[in-house]
Number of protein chains: 2
Amino acid sequence: MLALKSQQRGFSPTLYGSLVNVDTQIPSTISVFAPATVANVGSAFDVLGFALDAPGDTVTAHRTNSGKISIISISGDEGRLSRQADENTAGVSISALLTYLNKRDANKYTSVGFEIDLRKGLPIGSGLGSSSASTVAAVVAANELLGSPLTRAELLPFAMEGERVACGAAHADNVAPCLLGGFILIRSYEPLDVISLPSPASVWVAVVSPHLELKTFDARRVLRRSVPLESAVAQWGNVAALVAGIYQGDVALMGRSLEDRIIEPERAELIPGYGTAKQSALDAGATGCSLSGSGPSLFALCSSQHQAERVADSMAQSFATLGITATSYTSRVNSNGATIVGRH
Amino acid sequence: MLALKSQQRGFSPTLYGSLVNVDTQIPSTISVFAPATVANVGSAFDVLGFALDAPGDTVTAHRTNSGKISIISISGDEGRLSRQADENTAGVSISALLTYLNKRDANKYTSVGFEIDLRKGLPIGSGLGSSSASTVAAVVAANELLGSPLTRAELLPFAMEGERVACGAAHADNVAPCLLGGFILIRSYEPLDVISLPSPASVWVAVVSPHLELKTFDARRVLRRSVPLESAVAQWGNVAALVAGIYQGDVALMGRSLEDRIIEPERAELIPGYGTAKQSALDAGATGCSLSGSGPSLFALCSSQHQAERVADSMAQSFATLGITATSYTSRVNSNGATIVGRH
């Protein structure tokens, strides 16, 4: 009856505290896993990304009536991430979400707080969308604890705010596939136009993450500001063919369409052993290989799990010969994105 | 038996003359219609083209044993095309085809000749693939009269040779859709990598061809040689989304993805009334509008025949207010390409 009354009268912050846990549909604590993502995707620099099954980050969020967002603990980051909610991607994205909802819904959520526990399964600065996974897991968890006022797709701008803290720009090419799963195309930012492409079951992905750190920041700095028209045309021919390959589930077409004449040649210079690792992937049967994000991780497209494992091993061995340790992964394209893994 | 003997012994030019008309499967005269095509397709400059149902050119070819290619007649060109086979796109493409086949098949075709009648239904220099239609119709007719030694797709390089005579470069973005139908993507030229995309039935095309002439040659000269990276990225985001729209049959997505920040702004300057004609198309309901080829024709994407007719009319009227006469067309995307329209 109390819940019913509050709905009839409009929502009151005073009543709100007493409502927590009354509605049994909404848990008070939730755990969300958000996966690694590959952005840039060869020729499709800045416009395409896709999600992997693993690794990923897990956020456990507990809803309180403190009106505050607190980072309770972070593990797996070697102490490198800020525990201040307003400096942490997870805290910032939840804060952006609450600000929006309070504006939309007449301050309905001003007394809501969250306690966040973040378990990093993704290496930081590896080019696998580490900050995106944290921000997406956080914003999905918070939305769920609020009774899902927004759809998954509607959460994107708030996840992008978290990305802005980490990268200095609100890019969507990691957060969108992390949130929504599959291959996601960002046609434009103003207005934001995000297109879900298919997730071809025929594709396996091999990823190798050499233990080198490269800040996105630095990787962007090496890029030339203008490109020859001829190279740009070749690039968009490849981008178009990559999208066609995704729709057709044609791993060979996807692989050869990764060819990137503009970004990769400049960024590869920053990664010792890049060329030989890429060649070893192709020699082991990958249809194509490129940088993941701004590196230093590499991804390669393969037509079976067995091939992906062989390719991942050969890339890791290639780095090992240079004395660089590396972690390798294999995965399908994850068509689900962030997933709820626990409700309490 | 004569035919059989000649096959067993390898082909003899002396025997060949007597074989003409012996094989009743192969006609001695054939007519082929090849349709107008839209290349460049907004953001997809130089990499995408598609075929229309009409207008188009018709080649009637008669096989002889003269060992020569002769242009017997050309109509509809106002006397502007060369009647010399080695200067005419139709003659050049057939010649390239014969050269290849003679090399491949031990001079099997050295005594073969063709008499060509070309009826131009396509305005020259309009941006609707006029030279491509002639070259494709010719090469398809010749191949048919030779007993189809090559597949449609295998004819592409020879049709491209005809295009080289007309445009100075062996571009494939008109000839490939003219030959094969539908939306055709040219991923690369070396090696030639041509991808057939779907032909969405949901799309209608309005075309207006103002009676202004613009040589491809001049239109290429205005293009800058380098582009800002930011514009190039925006362009390939649009190209990727255009391909996604084609696969999804989403006319709205296709339309908004035509947005071309690089080529159109420069070429539109060469076409009086371009901006107002484009706006009139959008006002009349087109989802997007851009130059066809290098202009001066415009094409607009629509979701019904009725809408396409309204859009075509409004573009033509827009030119009319400037005192520029124009011809307008409406069509579906033609999924067949060049078609045999007569055998004699």
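Look a little higher up for the structure.
The structure displayed is predicted, hence computed values, not measured ones. (Residues numbered from 1 in each chain as written. Chains lettered and ligands numbered in written order. Predicted model: local features only at pLDDT ≥ 70, side-chain atom pairs only at ≥ 80, totals over all residues. Heavy atoms only, no water.)

J.: Can you lay out the interface of chain A and chain B for me, pointing to particular residues and giving the numbers?
T.: Across the boundary between the two partners, chain A contributes 38 residues, which contact 38 residues of chain B. Here chain A and chain B share four salt bridges between them. Between B:Glu259 and A:Arg187 there is a salt bridge, with the nearest N and O atoms lying 3.7 Å from each other. The interface formed by chain A and chain B includes 13 residue pairs in polar contact (both at pLDDT 80 or more). At the level of elements, strand E5 (183-189), strand E6 (192-196), strand E8 (226-228), helix H8 (229-248) and helix H9 (251-256) of chain A are the ones that each hand at least two residues to the side of chain A that touches chain B. Ranked by the residues each element gives to the side of chain A that touches chain B, the list is headed by H8(A), at 14 residues. Here the side of chain A that touches chain B is built from residues that sort into 23 nonpolar, eight polar and seven charged. (Contact = heavy atoms within 4.5 Å. Salt bridge = Lys/Arg side-chain N within 4 Å of Asp/Glu carboxyl O. Polar contact = N/O pair within 3.5 Å; in protein donor to acceptor, adjacent residues only side chain to side chain. Helix = DSSP H or I, 4+ residues; strand = E, 2+ residues; numbered from the N terminus. Nonpolar A, V, L, I, M, F, W, Y, C, P; charged D, E, K, R; others polar.)

J.: Would you mind going over the sheet that holds strand E9 (residues 288-291) of chain B in detail, with residue names and values included?
T.: All names here are of chain B. In space, the four strands of this open sheet follow the order E9-E10-E7-E11, with antiparallel pairing throughout. Edge positions in the open sheet fall to E9 and strand E11 (326-332), since each of these has one partner strand only. Mean inter-strand twist for the sheet, computed between neighbouring axes without regard to direction, equals 20°. Packed onto the sheet, helix H11 (residues 274-283) meets E9 and strand E10 (298-302) and runs at close to 155° relative to E9. Of the strands in this sheet, strand E7 (204-210), E9, E10 and E11 are in contact with helix H12 (residues 305-320), which crosses E7 at around 15°. (Pairing = 2+ DSSP bridges. Axes fitted to C-alpha atoms, helices over the stretch in contact; angles between N-to-C directions.)

J.: Give a detailed account of the packing of helix H11 (residues 274-283) of chain A against helix H12 (residues 305-320) of chain A, specifying residues and quantitative values.
T.: All names here are of chain A. Packing of H11 against H12 leaves a shortest axis separation of 8 Å and a crossing angle of 155°. Taken together, the axes of H11 and H12 are roughly antiparallel relative to one another. The crossing of H11 and H12 is right-handed. Here Tyr 274, Thr 276, Ala 277, Ser 280 and Ala 281 of H11 come into contact with H12, specifically with Val 311, Ser 314, Met 315, Ser 318 and Phe 319. (Parallel < 35°, antiparallel > 145°, perpendicular 65-115°, else oblique. Left-handed = near helix turned anticlockwise from the far one by under 90°.)

J.: Give a description of the sheet that holds strand E11 (residues 326-332) of chain A that names residues and reports values.
T.: Backbone-to-backbone hydrogen bonds join strands into a sheet, with any given pair of strands oriented parallel or antiparallel. Residue and element names in this part refer to chain A. Pairing is antiparallel across the open sheet formed by four strands, whose spatial order is E9-E10-E7-E11. Every interior strand has two partners, whereas the edge strands, strand E9 (288-291) and E11, have only one. Shown here is a sheet whose adjacent strand axes are inclined to one another by a mean of 20°, direction ignored. In this structure, strand E7 (residues 204-210) lies alongside strand E10 (residues 298-302), joined through five bridges in antiparallel fashion. Residue pairing in the sheet places Val 208 in a bridge with Leu 298 of E10. The sheet contacts of H11 involve E9 and E10, and relative to E9 the element is tilted by about 155°.

J.: How would you summarise the side chain of A:Arg187 if you had to cite specific residues and measurements?
T.: Within the secondary structure, A:Arg187 sits in strand E5. One polar contact links the side chain of A:Arg187 to the main-chain carbonyl oxygen of B:Arg256, over a distance of 3.1 Å. Sequence-distant contacts of A:Arg187, that is, excluding residues within four places in its chain, are made with A:Asp193, A:Ile195, B:Gly237, B:Asn238, B:Ala241, B:Leu253, B:Arg256, B:Ser257 and B:Glu259.

J.: Provide a residue-level description of the environment of B:Ile69, including the pertinent values.
T.: All names here are of chain B. Secondary-structure assignment places Ile 69 in strand E3 (residues 69-75). Taking the C-alpha atoms as reference points, Ile 69 and Ala 90, 21 residues apart in sequence, are found 9.6 Å from one another. Ignoring any residue separated from it by four or fewer positions in sequence, one finds Ile 69 in contact with Ala 85, Gly 91, Ile 94, Ser 95, Leu 98, Phe 114 and Ile 116.

J.: Residues and numbers for the relation of the copies chain A and chain B, please.
T.: Comparison of the two chain copies shows a relationship of rotation about an axis with a shift along it. Superposing chain A onto chain B takes a rotation of 180° combined with a translation of 0.0 Å along the rotation axis, leaving an RMSD of 0.0 Å. One copy is carried onto the other by what is essentially a two-fold rotation axis. (Least-squares fit on C-alpha atoms with pLDDT ≥ 70 in both.)

J.: How would you sum up the packing of helix H3 (residues 89-104) of chain B against helix H5 (residues 156-167) of chain B? Please name residues and give values.
T.: Between two packed helices, both the angle of their axes relative to each other and the distance between the axes serve to describe the pair. All names here are of chain B. Viewed as axis vectors pointing N to C, H3 and H5 meet at an angle of 140°, and their least axial separation amounts to 7 Å. Comparing the axis directions of H3 and H5 gives the class oblique. The handedness of the crossing between H3 and H5 comes out as right-handed. For the pair formed by H3 and H5, the contact residues are Thr 89, Val 92, Ser 93, Ala 96, Leu 97 and Tyr 100 on the first element and Phe 158, Ala 159, Glu 161, Gly 162, Val 165 and Ala 166 on the second. Counted by class, the contact of H3 with H5 contains eight nonpolar, three polar and one charged residues.

J.: Describe unusual backbone geometry, and please don't skip the residues or the numbers.
T.: Residue A:Gly295 is joined to A:Pro296 through a cis peptide bond whose omega torsion reads 5°. By the secondary structure assignment, A:Pro296 is in the loop between E9 and E10. With an omega dihedral of 0°, the bond running from B:Ala54 to B:Pro55 counts as a cis peptide bond. Mapped onto the fold, B:Pro55 is located in strand E2 (residues 48-64). The phi dihedral of B:Asp46 falls on the positive side, at around 70°, and the residue is not glycine.

J.: Lay out the nonpolar core in plain terms, naming residues and giving numbers.
T.: In this structure, A:Leu48, A:Leu197, A:Trp236, B:Leu48, B:Leu197 and B:Trp236 are the most contacted members of the largest nonpolar core, which totals 172 residues. Setting aside residues no more than four positions away along its own chain, A:Leu48 makes contact with A:Val38, A:Ala39, A:Asn40, A:Val41, A:Asp173, A:Phe183, A:Ile184, A:Leu185, A:Leu197, A:Leu242 and A:Ile246. (Core = buried A, V, L, I, M, F, W, Y, C linked by side-chain atoms within 4.5 Å. Buried < 20%, exposed > 50% of the residue type's maximum accessible area, 1.4 Å probe, protein only.)

J.: Would you mind going over the pattern of salt bridges in detail, with residue names and values included?
T.: On inspection of all chains with the given rule, the structure shows 22 salt bridges over all chains. The partner of A:Asp77 in a salt bridge is A:Arg83, and the shortest N-O contact between them spans 2.7 Å. Looking at A:Asp77, the relative accessible area reads 3%, which means it is buried. Given a relative accessible area of 34%, A:Arg83 falls into the partly exposed group. A salt bridge links B:Glu144 to B:Arg343; the shortest N-O distance between them is 3.5 Å. Of the two residues, B:Glu144 sits in helix H4 (residues 130-145) while B:Arg343 sits in strand E12 (residues 339-343), which places them 199 residues apart along the sequence. One salt-bridge network, in which partners are shared between bridges, spans A:Arg187, A:Asp193, B:Arg256, B:Glu259 and B:Arg261.

J.: I'd like to hear about the environment of A:Ala240, residue by residue, with values.
T.: Summarising the element assignment, A:Ala240 is placed in helix H8. Between the C-alpha atoms of A:Ala240 and A:Leu180, which are 60 residues apart in sequence, the distance is 22 Å. Not counting the four nearest positions on each side in its chain, A:Ala240 is found in contact with B:Leu185, B:Val239 and B:Val243.

J.: Residues and numbers for the environment of A:Met315, please.
T.: Residue and element names in this part refer to chain A. Note on placement: Met 315 falls in helix H12. For Met 315, a relative accessible area of 0% translates into the label buried. Placed 279 residues apart in sequence, Met 315 and Ala 36 show a C-alpha to C-alpha distance of 19 Å. Sequence-distant contacts of Met 315, defined by excluding residues within four places in its chain, comprise Ala 206, Val 207, Val 208, Ala 277, Ser 280, Ala 281, Cys 289, Leu 298 and Ala 300.

J.: Which residues make up the side chain of A:Asp193, and what values go with them?
T.: As for its placement among the helices and strands, A:Asp193 is situated in strand E6. A polar contact is formed between the side chain of A:Asp193 and the side chain of A:Arg187, at a distance of 2.6 Å. Looking at A:Asp193, its side chain comes within polar contact range of the side chain of B:Arg256, at 2.6 Å. Those residues in contact with A:Asp193, other than ones at most four positions away along the chain, are A:Leu185, A:Ile186, A:Arg187, A:Ser188 and B:Arg256.

J.: Can you break down the packing of aromatic side chains residue by residue, with the values?
T.: Residues and elements named next belong to chain A. Under the criterion given, the structure shown has seven aromatic pairs over all chains. Ring geometry for Phe 50 against Phe 183: centres 4.8 Å apart, planes inclined by 45°, an arrangement best described as tilted. Of this pair, Phe 50 sits in strand E2 (residues 48-64) while Phe 183 sits in strand E5; the two residues are 133 residues apart in sequence, bridging distant segments of the chain. Like Phe 183, Phe 50 is buried. On the basis of an interplanar angle of 45° and a centroid distance of 5.2 Å, the ring pair of Tyr 100 and Phe 158 is categorised as tilted. Residue Tyr 100 is found in helix H3 (residues 89-104), and its partner Phe 158 is found in helix H5 (residues 156-167); the two are separated by 58 residues along the sequence. Among the residues examined, Tyr 100 registers a relative accessible area of 35% and is labelled partly exposed. Pairwise contacts between aromatic rings join Phe 50, Phe 183 and Phe 299 into one cluster. (Phe/Tyr/Trp six-rings, centres within 6.5 Å; stacked < 30°, edge-to-face > 60°.)

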